[in-house]
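Okay, here's what each chain looks like letter by letter:
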Amino acid sequence: MTIRRKARYVDLHLCNSCGDCANVCPVTAPDEYQMGLSSRKAVYIPFPQAVPCSYILDMDTCLGNNPIACGKCADVCEKQAIDFDDADELVTREVGAIIVAIGLDVYDPTEMDEYGYTRFDDVITSMEFERLICAGGPTMGHFVRPSDQQRPKRIGFIQCVGSRNPKIGRPYCSNICCMNTIKDTLLLADHYPDTENFVFYQDIRAFGKGFEDMFQRSKEAGTRYIRGLPGDIEEDPETGALIVTVENTTSGRLERHELDMVVLSVGVVPAKDRDKIAGLLTLSKTSDGFFMETHPKLKPVDAPTRGVYFAGFCESPKDIKDSVCQAGAASSRAGALLNAGEIKIEAITSVIDPEACSMCGLCASVCPYGAITWHKKEVATVIEAACAGCGACGATCTFGAITMRHFTDDQLLGQVRAILAEQPEEKVFVFACNWCSYAGGDMAGISRIRYPSTNRVVRTMCSARVSEEMVLEAFRCGAPVVLVSGCHYADCHYIDANRQTVKRVQKLWDKLEKAGVRPERLQLEWISAAEGQKFAKVMQQMEDKRKLVTPDEIAHAREALKPKKKKARPAKKEPAAVTEATA
Amino acid sequence: MATLDKDSELRIGVFVCDCGLNIAGAVDCGAVCEYAETLDDVVCVVRNKYTCADPGQNEIKHAVREHRLNRVVVASCTPRQHEPTFRQCVLEAGLNPYLMEMANLREHCSWVHPGDWDGATAKAKDLVASAVGRARFLEEQVEMAVPVTRRALVIGGGVAGIEAALELAEQGHQVTLVEKQASIGGIMAQLDKTYPTMDCSI
């Protein structure tokens, strides 16, 4: 792993956090820690308890070390800790286990214009609430409203802002917002017993230990819980009061509340960096964007990539206690791996038969891991320790020179022929990759999502393992339709091996067309491990397509796709010999 | 471990799991067994209530010895769950673990086709035939052992990352904690009080 250590421009070890630098810094910028509710200098400490407890120089706002422009901080620093020449540094670490704990981002409610966040000063988010009520916040914990610095007397909380809302593409529950609001109402009741608090909600989810008790205490403290989410917020132009209209679904009445302040209880969203991390570690995500674990119940902290584990929010929305629990589980899993000292690698690697190799180098060009070495006019060789076992090479080699251990041509063709031996016209033939599509089928099973029973799945490690020959053999055996399915394009478990899948399927479509076989009979779909619903949907679609295929079409494909007699090559003629030689 | 004689005949054993009613409730397991008996090279078919449980595994071990099986097909659940279980089982019976193949009658069949007795049973038969078709060509494999670097990387210095890093360090491992911000603490550090205990976040 190569890590970029970002330049701080202040020497960590010399800085004693005295703050002299910040006192003389002439620049002000919004303070991110205080949610922009106050300002900081260009040289600053993120927050008083920061670790490491050292100042940092924000080069985007700093005027620079030009003596005409500034450089005051360097002049005043007795420790001479300011280093304008500091630069990013690349650090390399070899590791045996990785715990992914990249956390979350907070939903930005600006797009939900009906609530007027950014239009009305006194509509704030729950994160801004945290800073305003905190003794270490910009107002030293005096809870005032931003518009006039006066203490609000009537405060409304709107739940599920950015959660459980399919209209904005966020159908999931953010898990923490109900309890966070309940906590906020208790804080207000404690600090300012005379405030009137209103919570507008669709359901209160207080399922954890001690949660219901908190909810009851909040109600006892006078908080009014109104079941219904307001349609919009308006501002009274004269008084500046916020007018919230809501249908109370418990009483069935339309209510109008005049409030001094509204707190949007914002949901949480997957961290922005998730795609980058997913790419680096070949992780897959749910449709909501959270990382997918190996098994939702039995392997809840393991990533499908061995040696990678999840902790905290990045796997699914959860609160602090659950994050701590999961971190413990992840470190325990990682520790077990590290303590073992070695791991067994599944014996699914490719083997090249030097006799049959035509020295074309095609296999080396498709290997995502660079595990095949090849030079012109030389036989290609596999570096076994680097081979991850996708099988892209085996499916690409047209000379039968590559055997994928444990996923050989014979084994897979044996499955094709066995499945289609009887009444093939009634079957939907499916190739599914182990990590995503097959797992998506498992997910459909675990979730008990029904679909037609006509499909027959053959598992390969990667969709790139599915060779032309396997698909053609399925049609020759009378398959009405064939599906090749794999991980989503950017989420391939084998870096980008499924690009080969796309190329191969496109080639097959051309081939089918030329042979007078409708290309629609071969389909390509990406189904992730989390997409049980999609798996079921695709199987239904394939079944619909199967019904449109006529017996004549099936008979035609059987004939038209028969292998043409080529000049006999030793490898082609005796594939069994290859298997034996490499076994 | 007994090694395969290349010339020796294929002797495949098929073990069909009821999984209580998880499979047997939607699939005619008896019919699947009868069908399996008709397949070439299958010399022994056993129906289990729970193949993964000790009695089920013992039946596999017993049959491997009794019938001199050199390939095992377990028709039960997804290999993504129990492949390691049954690989270990056949290993203990003296077979190379790679000579075991699974047919997924549960996640891919009974759980998704309840009420479609005939359709699910036909599919289950095909899945068993497919596994047997593959098992005929299975070969012994030797796994490679790779050393693990005894150091961990934790990406993210919020409450989960900090906790995970500390736990690993307590176990005696070297840990590198990577945080993109200037300070660790994450979003939790921005909170005032936290539920349900109403104590400070930092």
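One can find the structure itself at the top, above this paragraph.
Since the structure is predicted, the reported quantities are computational estimates derived from the model, not experimental observations. (Residues numbered from 1 in each chain as written. Chains lettered and ligands numbered in written order. Predicted model: local features only at pLDDT ≥ 70, side-chain atom pairs only at ≥ 80, totals over all residues. Heavy atoms only, no water.)

### Here we look at the packing of helix H12 (residues 468-476) of chain A against helix H13 (residues 498-514) of chain A
Residue and element names in this part refer to chain A.
Point 1. Close contact between H12 and H13 brings their axes to 10 Å; oriented N to C, the two are set at 40°. One element, H12, and the other, H13, form an angle in the oblique class. The two elements H12 and H13 cross, and the hand of that crossing is right-handed. Contacts between H12 and H13 involve Glu468, Val471, Leu472 and Phe475 from the first element and Arg504, Lys507, Leu508, Lys511 and Leu512 from the second.
Point 2. Grouping the constituent residues of the contact of H12 with H13 by class yields five nonpolar, no polar and four charged. (Axes fitted to C-alpha atoms, helices over the stretch in contact; angles between N-to-C directions. Helix = DSSP H or I, 4+ residues; strand = E, 2+ residues; numbered from the N terminus. Parallel < 35°, antiparallel > 145°, perpendicular 65-115°, else oblique. Left-handed = near helix turned anticlockwise from the far one by under 90°. Contact = heavy atoms within 4.5 Å. Nonpolar A, V, L, I, M, F, W, Y, C, P; charged D, E, K, R; others polar.)

### Overview of the packing of aromatic side chains
Point 1. Applying the stated criterion across every chain, the model contains eleven aromatic pairs over all chains.
Point 2. Consider the rings of Phe129 of chain A and Phe157 of chain A, whose centres lie 5.7 Å apart with planes at 65°: the pair is edge-to-face. You can see Phe129 of chain A sitting in helix H3 (residues 126-133) and its partner Phe157 of chain A sitting in strand E10 (residues 154-161), a full 28 residues away along the chain.
Point 3. You can call Phe129 of chain A buried: its relative accessible area is 0%.
Point 4. Residues Phe211 of chain A and Tyr195 of chain B carry aromatic rings whose centres are separated by 5.3 Å and whose planes lie at 85° to one another, so their mutual orientation is edge-to-face. You can see Phe211 of chain A sitting in helix H5 (residues 211-220) and its partner Tyr195 of chain B sitting in the loop between strand E8 (193-194) and strand E9 (199-200), one on each of two chains. (Phe/Tyr/Trp six-rings, centres within 6.5 Å; stacked < 30°, edge-to-face > 60°. Buried < 20%, exposed > 50% of the residue type's maximum accessible area, 1.4 Å probe, protein only.)

### Details of the pairing of strand E7 (residues 97-100) of chain A
Point 1. Here E7 of chain A shows a buried face lined by Ala97 and Ile99 of chain A and a second buried face lined by Ile98 and Val100 of chain A.
Point 2. Where E7 of chain A and strand E6 (residues 151-155) of chain B come together, four bridges link them in parallel fashion. Its bridge partner lying in E6 of chain B, Ala97 of chain A is registered against Ala152 of chain B.
Point 3. As judged from the three bridges shared by E7 of chain A and strand E18 (residues 308-310) of chain A, these two strands associate in the parallel manner. Bridge pairing links Ile99 of chain A to Tyr309 of chain A in E18 of chain A. (Pairing = 2+ DSSP bridges.)

### Some details on the sheet that holds strand E16 (residues 261-266) of chain A
Residue and element names in this part refer to chain A.
Point 1. Read from one edge of the open sheet, five strands run E9-E16-E10-E11-E12, paired in parallel fashion. The open sheet terminates on both sides in strands that have one partner only, identified here as strand E9 (123-125) and strand E12 (224-227). Ignoring strand direction, the axes of neighbouring strands in this sheet form an average angle of 25°.
Point 2. Pairing geometry for E10 and E16, over five bridges, is parallel.

### Observations regarding the interface of chain A and chain B
Point 1. Across the boundary between the two partners, chain A contributes 108 residues, which contact 74 residues of chain B.
Point 2. Of the roughly 7,800 Å² buried at the junction of chain A and chain B (both faces included), carbon and sulfur atoms supply 59%.
Point 3. For the pair chain A and chain B, the interface holds six salt bridges.
Point 4. Asp442 of chain A serves as the salt-bridge partner of Arg80 of chain B, at 3.7 Å between the closest nitrogen and oxygen.
Point 5. The tally of links from chain A across to chain B stands at 48 residue pairs in polar contact (both at pLDDT 80 or more).
Point 6. Its residues assigned to classes, the side of chain A that touches chain B comprises 59 nonpolar, 24 polar and 25 charged. (Buried area = accessible area lost by both parts, 1.4 Å probe. Salt bridge = Lys/Arg side-chain N within 4 Å of Asp/Glu carboxyl O. Polar contact = N/O pair within 3.5 Å; in protein donor to acceptor, adjacent residues only side chain to side chain.)

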